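Spelled out, the chains give:
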Amino acid sequence: MTIDEVRQADVIDKTELIQQLMNEYQHDFPLSTTPYADIATRLGVEEQQVIELLRELDTKGILSRVGAVFRPNRVGVSTLAAMAVPEHNLESVADIISSYAAVNHNYEREHHFNLWFVATAENAEQLQNILDDMEAQTNIRIMSLPMEKDYHIDLGFPLKLIKGGLLHD
Amino acid sequence: MINERELIAVLQQGLPLDSHPYAVIAEKINSSEEEVINYIKLMKEKGDIKRFGLVVRHRKLGYKSNAMVVWDIPYDRVNELGQCFGQFDFVTLSYRRPRHLPDWPYNLFCMIHGQDRDDVVKNLQFMIKNCNVNGVKYELLFSNRCFKQRGALYVHGESEKNETVVSLKEKRAV
């Protein structure tokens, strides 16, 4: 085996390891005293490799975090909100909305209602105050669409590593 | 004793990349490793935590296209279709929400992911075919710019980490 072939094998191993890590641990992450060591044992690598890989994915922005996805409205309240923003104002209005700590997702979507965001707060009154404040700041009406029923069981998303994704840069 | 609010505040920052991450959390909130682990287990059992594990940004992995499909579904079919849509692995959310008439007639919302626009449209057609959707009004809202994306912060403290993601501009399909 040449050096190049060895390197190639390492790259494939790493890619496979990332894929395994992501597909097996988006849910049921170990709740043991040494979760990373437990994952490492299961995948047949060293604890430090798992930690370093997660750190790398975090640095690249692929990993948002290791942690909990809370059920909507169980811990605090949230709503999906939409605004119809004149195109030339979209960026400045989006910046105002993003500046609120209560906002986690804020996307442009292709529709008459072109700005969509999720806002969360500890209680309904606090959430309403935030939305009122946003309307006052932007002079645009907000359509608030709080979740009424959740039909989806979140098991994470089966991921294949795709060409063009950050891992292949 | 665990202070739930404090635990959530720390958890929403993400689990430390440390050999004993739950012990690190315990130290921050004056609790013990065992109590932290047991409390997270309890929140999972109660359904307060829907999922505990790696939270991945799909766009950065190459799933560059995502769209929200919104449907106007008659009351007698909304539960059935909501569940049917929620079962596909490319659907990451399936929620019933209120209509806002006359501006907004839609009451069921799904997020669909795909590698590109065609992939998303194919996935939508798959849903329509497999869940027997006939004569239902729907719209597909592709996402364009992402102005901000991070985990939800229900408890707003000083230490919050803002992971603003800007200008991940997608190429529009021609």
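Residues numbered from 1 in each chain as written. Chains lettered and ligands numbered in written order. Predicted model: local features only at pLDDT ≥ 70, side-chain atom pairs only at ≥ 80, totals over all residues.

To continue, consider the overall build of chain A. Along chain A, the regular secondary structure elements total five helices and six strands. Written out in order from the N terminus, the α and β elements of chain A read α-α-α-β-β-α-β-β-α-β-β. Across the 169 residues in chain A, those meeting the buried criterion constitute 33%. Within chain A, counting contacts between residues at least 6 apart in sequence, those at least 24 apart form 57% of the total. (Helix = DSSP H or I, 4+ residues; strand = E, 2+ residues; numbered from the N terminus. Buried ≥ 20, exposed ≤ 12 C-beta atoms within 10 Å, placed from the backbone. Contact = placed C-beta atoms within 7 Å.)

With that settled, the discussion passes to the interface of chain A and chain B. The interface is formed by 68 residues belonging to chain A together with 68 residues belonging to chain B. Those elements that place two or more of their residues in the side of chain A that touches chain B are α2 (35-43), α3 (47-59), β1 (63-70), β2 (77-83), α4 (90-98), β3 (103-109), β5 (143-145) and β6 (149-150) of chain A. Of all the elements, β1 of chain A adds the most residues to the side of chain A that touches chain B, at eight residues. Pairing analysis gives two bridges linking β6 of chain A to strand β3 (residues 91-96) of chain B, with the strands arranged antiparallel. For Lys-149 of chain A, the partnering residue across the bridge sits in β3 of chain B and is Arg-96 of chain B. (Pairing = 2+ DSSP bridges.)

Attention now goes to the domain arrangement of chain B. Here the domain parsing of chain B yields domain 1 (4-46) and domain 2 (58-142). The centre of domain 1 of chain B, based on its C-alpha atoms, is set 35 Å off from the matching centre of domain 2 of chain B. (Domains from an automatic or database assignment.)

Every other side chain in a regular strand lies on the same face of the sheet, so the side chains alternate between the two faces. Residue and element names in this part refer to chain B. Within strand β4 (residues 108-114), five of the seven residues are buried, which leaves the element mostly enclosed by the surrounding structure. The pairing of strand β2 (residues 65-72) with β4 spans seven bridges and is classified as antiparallel. Paired with Ala-67 across the two strands is Ile-112, which belongs to β4. Note: β3 against β4, five bridges, orientation antiparallel. The residue of β4 that forms the bridge with Leu-93 is Met-111.

Looking now at α4 of chain A. Along an α-helix, residues three or four apart share an orientation, since each turn contains 3.6 residues. Buried within α4 of chain A are the following residues: Val-93, Ala-94 and Ile-97 of chain A. Seen end-on, α4 of chain A carries its buried residues on one side only, within an arc spanning 100°. (Arc of directions from axis to C-beta.)

Further remarks concern the sheet that holds β3 of chain A. Strand order in the open sheet formed by nine strands is β5(A)-β2(A)-β4(A)-β3(A)-β5(B)-β2(B)-β4(B)-β3(B)-β6(A), with antiparallel pairing between adjacent strands. Only two strands of the sheet have a single partner each, and these edge strands are β5 and β6 of chain A. As paired strands, β3 of chain A and strand β4 (residues 115-121) of chain A are joined by four bridges and run antiparallel to one another. Bridge pairing in β4 of chain A links Val-103 of chain A to Ala-119 of chain A. Contacts between helix α5 (residues 124-138) of chain A and the sheet are confined to β2, β4 and β5 of chain A, with β4 of chain A contributing the most and set at about 145° to the helix. (Axes fitted to C-alpha atoms, helices over the stretch in contact; angles between N-to-C directions.)

Attention shifts here to the packing of α2 of chain A against α3 of chain A. When two helices pack together, their arrangement is given by the angle between the helix axes and the distance between those axes. All names here are of chain A. Contact geometry for α2 and α3: axes closest at 8 Å, N-to-C directions at 110°. When the interaxial angle is binned, α2 and α3 end up roughly perpendicular. Residues Tyr-36, Ala-37, Ile-39 and Ala-40 of α2 touch α3, and the partners they reach there are Glu-47, Gln-49, Val-50 and Ile-51. Considering only residue class, the contact of α2 with α3 consists of six nonpolar, one polar and one charged. (Parallel < 35°, antiparallel > 145°, perpendicular 65-115°, else oblique. Nonpolar A, V, L, I, M, F, W, Y, C, P; charged D, E, K, R; others polar.)

This part is about the environment of Gly-14 of chain B. Following the sequence through the fold, Gly-14 of chain B ends up in the loop between α1 (4-11) and α2 (21-28). Given 19 C-beta atoms within a 10 Å radius, Gly-14 of chain B is considered partly exposed. Placed 40 residues apart in sequence, Gly-14 of chain B and Leu-54 of chain B show a C-alpha to C-alpha distance of 9.4 Å. If we skip the residues at most four places from it in the chain, Gly-14 of chain B touches Arg-65, Val-66 and Gly-67 of chain A.

Turning our attention to unusual backbone geometry. Pro-102 of chain B follows Leu-101 of chain B through a cis peptide bond whose omega is 5°. Inspection of the secondary structure puts Pro-102 of chain B in the loop between β3 and β4. Of note, Asn-139 of chain A is a non-glycine position whose phi angle comes to about 65°, a positive value. Its 8 C-beta neighbours within 10 Å are what place Asn-139 of chain A among the exposed residues. Positive phi, normally seen in glycine, also occurs at Asn-132 of chain B, with a value near 55°. Mapped onto the elements of the fold, Asn-132 of chain B is located in the loop between α5 (117-130) and β5 (137-148).

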